[in-house]
Amino acid sequence: MELSRKDILDMESLSADEITLILDTADKMREISERPMKKVPTLRGKTVILFFYEPSTRTRTSFDIAAKRLSADSLSLSASSSSMVKGETLIDTGRNLEAMNPDVIVIRHTSAGAPHLLAKMLKSPVINAGDGMHAHPTQSLLDLMTVRENKGQISGIRIAIIGDISHSRVARSNSVGFTKMGADVVLAGPPTMIPKGIETLSVSVTHNMEEAICDADVIMMLRIQKERQQHFLFPSEREYSKIYGLTDAKLKNAKDDVLIMHPGPINRGVEIAYDVADGPYSIILEQVTNGVAVRMALLYLVTGGIRNANGD
Amino acid sequence: MLTVIKGGRVIDPGNLDDILDIVIEDGNIVEIKQGALADDENKESKIIDASGKIVAPGLIDMHVHLRDPGYEYKETIETGSRAAAFGGFTAICCMPNTNPVNDSRQVTEYIIKKAVKADIVRVYPVAAISKGLKGESLCEYGELKDAGAVALSDDGNPVMNSQLMRRALEYSSRFNLTVISHCEDFDLVSDGAMNEGAVATKMGLSGIPNAAESIMVLRDISLCELTGVPVHIAHVSTRESVRAIRDAKKRGVPVTAETAPHYFSLTDASVKDYNTNSKMNPPLRTEQDIEAICQGLVDGTIDVIATDHAPHSIIEKAVEFDQAANGIIGLETAVPLGLKLVETGIIDITDLIEKMSKNPARILGLKNGLEIGKTADITIIDPEISYCIDANRFQSLSRNTPFDGWDVKGKAVLTMVGGKIVYQYTT
Ligand SMILES: [Zn+2]
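These numbers come from a predicted model, not from an experiment.

A. Structural detail: the overall build of chain B. Scanning chain B from terminus to terminus reveals 14 helices and 18 strands. Whereas a compact globule of 427 residues would reach a radius of gyration of roughly 22 Å, chain B reaches 21 Å, a difference of no more than 12%. Dimensions along the principal axes, computed over C-alpha positions, put chain B at roughly 70 × 45 × 45 Å. Counting only contacts in chain B whose residues sit at least 6 apart along the sequence, the fraction spanning at least 24 positions is 75%. Roughly 15900 Å² of accessible area belongs to chain B as shown, and the carbon and sulfur atoms make up 47% of that amount. Of the side chains in chain B, 43 bear a positive and 61 a negative charge, and the two mean positions are spaced by 2 Å.

Okay, structure coming up:
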């Protein structure tokens, strides 16, 4: 099977079969990163542009390493170094980049739908590395990979996603991705952080964290942003962490084999207690490792990897 | 020379509805009767065959943005006037959010001068409620009235300061200037880019709740009651606003209201794929809101259909959704979209003419109507022509419409202003 699409824009547009293909490919890619010589020639001669309108060290580094491990040439552009500051539109910037014949454009943008706009205009494959509050498909895929690896399967597991659901593209993409793969998703957070109509994604919603975690196989904590206080979403970090922070005490009611995830970067002592983040249930660093494998798989698949890379 | 509009169904709501001929001389209606031609055979006359068509008093769009002065690449007074004529409007009211803002005699006079020079449709300037649309101080309403303004609005912005709104109502009443309120609570809207709900949530866009509009509608109704001065509510988009206005009217509060064709034709689902031509303020709502707006049109809660014609170039629209400008053009699609309400039996053709001609004239104190002695501002509508909307053929300078490619039925086929034909449809 091949990936039959040009772009990776969101989890809605991927079929369950395509998700499985990506995860299977990522499983194979993971081994490359464990070799002493962490490089294969698969994408030699290919150019990957990492176009980051929104600062992100983690995701950009992950894509950069993924490209380099496959021998692609990668180039990073950030909003401050690009002509965006001079008033060029996204479409113009995209066309200029395309004129240099890249093989893949990875984009992160503060505006929902920006990768879709770019994908419509360009012939090159576009991978969404996060657009506003909308989607973060590569994060969702690495989360699916990590859960599958630890639980053997995704179907039938119950995952609780806890925090500021309203502003989280990770929550949206995982709600779509996990339900598509047969998992139950429960979202939890204060009423101010649950967006209207989210239940139409076939998820359940609670404002009570204890209720969300008691029968969860996986607990995913979301980063809380201090700036949200200005928008009256919560009164203080102190109260937030008391009610919605993940602590050992709250974990007492969780399943014995529960897994704890976090898309990072974490606020220790706020949404997740210091010792819980490093505790026995945490698979947070495994997520980071798998992030490289998933991004290698995607770069490989969108460039038509199966056809081009026989023999590697 | 005489002009005779022959054999059409002449509808002047509450006054006329019959197959009649209208005779026009020197820009005025001089005769309305059956078989008018025979009597005037001795004079040389121009005959307009209106058989099978609707002959209505000239349509008035009381909510239009002409972008001139300041943004002439989007629309000018001339191109906007031509778009109006093509859409069947004999008069339009242009909102003051130009650059400079129309808060002075100079800008009001500039608009009138350019409209007279274009010589297409009547253009009535709406001046600002507050200086610079800033919501901080009153404009000189006496001066603006004298210059030719017909109404006041800070459209584009709400008047957030309730005290200023109260005083604007009181002071404006001295000059008989209708106050048009753009109802939007800035704090509730926050960074909202579309209607709040499942569609926005799935698309990762910040939502604008219905209450952001209805809270201000309710406030303005309270101020209307307090002052006794009429308020006209612009572009009603929510069911809560319809309910509030209906209740107020029942109590005898002198509030009037308009909606735009897109608020009874589209839901927020049409924002999908981040289509910026479906982005406007207030945003497209839901089926329930459409239902309430139609009900409001039926029972008279909503007096007027106005387009909120808001031209934008591709520079403002071919961008990220949350950064795209609000607004769509409407002058050249209003008649077929209005006729859809007639076609589906929600309102009848007389109601439609009332809401697109009679009522805006009444609210603004403009002359209007098919009566002997009146100025011949007339729109002829063919309700039967089927066609596909093609934005590339619009007269407007802009193309930002979600209705491009829609199959519709009915259009204005002749627009007459002061006895002069400013637009005539040719196949
Ligand atoms: Zn407005």
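Following the structure, the description resumes.
B. Here's a closer look at the layout of surface pockets. If you add up the space inside the second largest pocket, you get close to 570 Å³. If you trace the second largest pocket, you find 30 residues lining it, with T276, I314, K317, A318 and V319 of chain B closest to the centre. Every element with two or more residues in the lining of the second largest pocket is listed here: α3 (90-98) and α4 (114-121) of chain A together with α12 (314-317) of chain B. Looking at the lining of the second largest pocket element by element, the count peaks at 5 residues for α4 of chain A. Residues of the lining of the second largest pocket, tallied by class, amount to 12 nonpolar, 10 polar and 8 charged.

C. Summary view of the pattern of salt bridges. Counted according to the given criterion, the structure contains 39 salt bridges over all chains. For R158 of chain A, the salt bridge goes to D215 of chain A, with nearest N and O atoms at 3.1 Å. Taken together, the positions of R158 of chain A in strand β5 (residues 158-162) and D215 of chain A in the loop between α7 (209-214) and β8 (218-221) put the pair 57 residues apart, joining distant regions of the chain. The partner of D12 of chain B in a salt bridge is K358 of chain B, with the nearest N and O atoms 3.4 Å apart. Separated by 346 residues along the polypeptide, D12 of chain B in strand β1 (residues 2-12) and K358 of chain B in helix α14 (residues 349-364) bring together distant segments of the chain. The class of D12 of chain B is buried, set by a relative accessible area of 0%. Connected through salt bridges with shared partners, the residues R105, E109, E143 and D146 of chain B form a single ionic network.

D. How the structure looks around a nonpolar patch on the surface. Where nonpolar side chains cluster on the molecular surface, the patch consists of Y73, I314 and I315 of chain B and spans about 360 Å² of accessible area. Structurally, I314 of chain B is set in helix α12.

E. Summary view of the sheet that holds strand β10 (residues 178-181) of chain B. Residues and elements named next belong to chain B. One open sheet holds the 8 strands; their spatial order is β6-β7-β8-β9-β10-β13-β14-β15, and the pairing between them is parallel. The open sheet is flanked by β6 (59-64) and β15 (304-305), the only strands paired with a single partner. Of the pairings in the sheet, the one linking strand β9 (residues 151-153) to β10 comprises 3 bridges and is parallel in character. When the bridges of β10 are listed, L152 appears paired with V179. In the packing of helix α3 (residues 105-118) onto the sheet, the strands contacted are β7 (89-94) and β8 (122-127), and the crossing angle to β8 comes to about 170°. Running over the sheet, α14 touches β6, β7, β9, β10, β13 (231-233), β14 (255-259) and β15 and is turned about 65° from β6.

F. Spotlight on unusual backbone geometry. With omega at 10°, the peptide bond leading from D68 of chain B into P69 of chain B counts as cis. Between N281 of chain B and P282 of chain B the backbone carries a cis peptide bond, its omega angle lying at 0°. Unlike most non-glycine residues, S202 of chain A shows phi in positive territory, near 65°. Relative to the helices and strands, S202 of chain A is located in the loop between β6 (184-188) and β7 (204-206). In this structure, L133 of chain B takes a positive phi of about 60° despite not being glycine.

G. Seen up close, the environment of S155 of chain A. All names here are of chain A. Mapped onto the secondary structure, S155 falls in the loop between α5 (137-151) and β5. Along the primary structure S155 and A183 are separated by 28 residues, whereas in three dimensions their C-alpha atoms are 4.8 Å apart. Filtering out sequence-adjacent residues up to four positions away, S155 remains in contact with M181, G182 and A183.

Analysis parameters
Residues numbered from 1 in each chain as written. Chains lettered and ligands numbered in written order. Predicted model: local features only at pLDDT ≥ 70, side-chain atom pairs only at ≥ 80, totals over all residues. Heavy atoms only, no water. Helix = DSSP H or I, 4+ residues; strand = E, 2+ residues; numbered from the N terminus. Rg over C-alpha atoms; globule rule 2.2 N^0.38 Å. Contact = heavy atoms within 4.5 Å. Areas by Shrake-Rupley, 256 points an atom, 1.4 Å probe, with all protein chains shown as cover. Lys, Arg positive; Asp, Glu negative; His and termini not counted. Charge placed at Lys NZ, Arg CZ, Asp CG, Glu CD. 1 Å grid on protein atoms, 1.4 Å probe; cavity = no way out; pocket = protein on both sides within 12 Å on 5 of 7 lines; lining within 4 Å. Points joined across faces, edges and corners; volume = space filled by probe spheres on them. Nonpolar A, V, L, I, M, F, W, Y, C, P; charged D, E, K, R; others polar. Salt bridge = Lys/Arg side-chain N within 4 Å of Asp/Glu carboxyl O. Buried < 20%, exposed > 50% of the residue type's maximum accessible area, 1.4 Å probe, protein only. Patch = residues over 30% accessible without salt bridge, like charges linked within 9 Å, V, L, I, M, F, W, Y side chains within 5 Å. Pairing = 2+ DSSP bridges. Axes fitted to C-alpha atoms, helices over the stretch in contact; angles between N-to-C directions.

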